[in-house]
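Chain by chain, the residues run as shown.
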Amino acid sequence: MMKIGSSSWKEIIRAGAGALAIDVDQAQIDRFVLYADELMKWNRKINLTAITDPQALAVRHFLDSIAPSGLIPPGASLLDIGSGAGFPGIPLKIVRPDLRVTLIDAVRKKVNFQKHIIRTLGLENIGSHQIRAQEFAAENPFDVVITRALSTLTEFVRLALPLLAQDGVILAWKGKPGEIRAEVSTLMSGENKDRLSVSLSTYRLPGFAAERTIVAVKKSSSPK
């Protein structure tokens, strides 16, 4: 079985990022190795992820997390809601050190792991907080609000909008474009059809034939 940190494992990160039009250097790849090693160590004691196969971990956690890097403006402030074991916020911070990242999760053990990884990787301008999204009040609105964890698009947007800057964007990870049409239709019903705009970006992960989708939601600049 492939091992974390092996040359073939590192090549999955390098080539996979390249296929997503993201350049990663050796130092960033080494951070992914350390991240993966620490995740597996902690996972033996506390349940952080069901994905333990090294190849699947590289693809389904790290590469999937960084897929929307090109959709995020330079120097953006970013909030990751329900970050769990740090996905997608920490991988995005690794490949986009210019970002100012805040992670929130309601589960203490997950936040403890996030803080451990932030210290271990020596990341700056990133913080982790144990709090529910419904209770989180930011001093300043965020340029980008993201999640891979919440179930429905409508629920996520409801939580994210009060925390989003006027010209900001909400990013949600979803499956095939055809599978999310109903979710988008539900989101854009009622008053949302006039105050929000939605766009979809698709990508494929190495070893997976099915498309993945990033749903981008923005506040409309003017009534439609």
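Whatever comes next refers back to the structure up there.
**Description of the pairing of strand β5 (residues 164-174)**
Next up, step 1: By the criterion of burial, β5 is predominantly enclosed, with nine of the eleven residues buried.
Next up, step 2: Across five bridges, strand β4 (residues 142-147) lies against β5 in parallel orientation. Across the sheet, the residue bridging to Val-145 is Ile-170, located in β5.
Next up, step 3: As for the winding sense of the linkage, the β-α-β connection from β4 through helix α6 (residues 153-160) to β5 is right-handed.
Next up, step 4: As judged from the six bridges shared by β5 and strand β7 (residues 211-219), these two strands associate in the antiparallel manner. By the bridge assignment for β7, Ile-170 is matched with Val-217.

**Concerning the sheet that holds β7**
Next up, step 1: Taken in spatial order, the seven strands line up as β3-β2-β1-β4-β5-β7-β6 in an open sheet, and their pairing is mixed. With partners counted over all chains shown, the strands left at the sheet margins are β3 (126-130) and β6 (196-204), one partner each. Strand-to-strand, the axes of this sheet are offset by a mean angle of 20°, without reference to chain direction.

So, how was this worked out
- Residues numbered from 1 in each chain as written.
- Predicted model: local features only at pLDDT ≥ 70, side-chain atom pairs only at ≥ 80, totals over all residues.
- Heavy atoms only, no water.
- Buried < 20%, exposed > 50% of the residue type's maximum accessible area, 1.4 Å probe, protein only.
- Helix = DSSP H or I, 4+ residues; strand = E, 2+ residues; numbered from the N terminus.
- Pairing = 2+ DSSP bridges.
- Right-handed = clockwise from strand over helix to strand, strands pointing away.
- Axes fitted to C-alpha atoms, helices over the stretch in contact; angles between N-to-C directions.

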